[in-house]
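Here is what each chain is made of, one letter per residue.
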Amino acid sequence: MINLTINGQQHELDVSDNMPLLWAIRDVVGMKGTKFGCGIAQCGACTVHLNGEAIRSCVTPVSAAKGEVTTIEAMADDPVGQKVQQAWLDLGVAQCGYCQGGQIMNATALLKNIPAPQTREIIDAMAGNLCRCGTYNRILAAIERAADKEGASS
């Protein structure tokens, strides 16, 4: 049995210790907002927070998920997550939307660690999150807006 705290709720799961956290979240707990993209931690679609740090859930075994796991479903109740999501909506960032949960999770973790990041810090932090639709300029603008840096170019 694995005990996980996901979005503040305890879950006791009868799964293998090495099951990827992604599948525990999606298939066992039933939270479908976290997406499978590549399975090798290269695209960022599966990004969640573990104790506030952005991680790739597709390669993180459930046995390593000690502490609080936060998924995209919890961002509606998170003040920084709300700002990021609102900036996404204001700027029409999403096209197909598949990567957006991971993008928002990574951006939220960034802004919690660096509330007013420089443009280069945003680009570097988001480099591991891929967007097939290529909305990178809008993603950057939305993060700057959420950081109250709209229009900044550092």
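The rules we used
- Residue indices begin from 1 for each chain and proceed along its sequence in written order.
- Per-residue local features are limited, in this predicted model, to residues with pLDDT of at least 70; the limit for side-chain atom pairs, both in listing and counting, is 80 or more; totals at the level of whole chains, interfaces and linings are taken over all residues.
- The side-chain quantities take in all heavy atoms of the structure and omit both hydrogens and water.
- Only DSSP runs of H or I reaching four residues or more are called helices, and only runs of E reaching two or more are called strands; each is numbered from the N terminus.
- Two things to know: the radius of gyration comes from C-alpha atoms, and the globule rule equals 2.2 Å times the number of residues to the power 0.38.
- Contacts: residue pairs with any heavy atoms within 4.5 Å of one another.
- For accessible areas, the Shrake-Rupley method is used with a probe of radius 1.4 Å. Any residue's cover is judged against the shown protein chains and nothing else.
- In this tally, Asp and Glu contribute negative charge and Lys and Arg positive charge; neither His nor the terminal groups of the chain are included.
- A charged residue contributes its charge at one atom only: NZ of Lys, CZ of Arg, CG of Asp or CD of Glu.
- The buried label goes to any residue with under 20% of its type's maximum accessible area, the exposed label to any with over 50%, and the partly exposed label to all in between, with areas taken from a 1.4 Å probe on protein chains only.
- Here the nonpolar core consists of buried residues drawn from Ala, Val, Leu, Ile, Met, Phe, Trp, Tyr and Cys, with membership extended through side-chain atoms lying within 4.5 Å.

A. Geometry of the overall build of the protein. Across its full length, the protein holds 5 helices and 5 strands. Compactness check: the protein gives a C-alpha radius of gyration of 15 Å against a globular reference of 15 Å for 154 residues, within 12% of the reference. Structurally, the protein occupies a C-alpha span of about 50 × 30 × 25 Å along its principal axes. When contacts within the protein are restricted to residue pairs at least 6 apart in sequence, long-range pairs at least 24 apart make up 57% of them. On the protein, roughly 7,500 Å² of surface is accessible, and the fraction owed to carbon and sulfur atoms is 50%. Positive and negative side-chain charges of the protein, numbering 12 and 15 respectively, have mean locations separated by a distance of 7 Å.

B. View of the side chain of T135. You can see T135 is positioned in the loop between α4 (119-126) and α5 (136-146). The class of T135 is buried, set by a relative accessible area of 2%. Once residues lying within four places of it in the same chain are set aside, the contact partners of T135 are V93, Q95 and Q100.

C. Molecular detail of the nonpolar core. V84, W88, I139 and I143 are the most contacted members of the largest nonpolar core, which has 20 residues in total. For this core, the secondary-structure elements that each account for two or more residues are α2 (79-90), α3 (100-113), α4 and α5. Excluding anything up to four places from it in sequence, I143 contacts W88, A107, L110, L111, I122 and M126.

Keep in mind that these numbers describe shape and distance, not what the molecule does.
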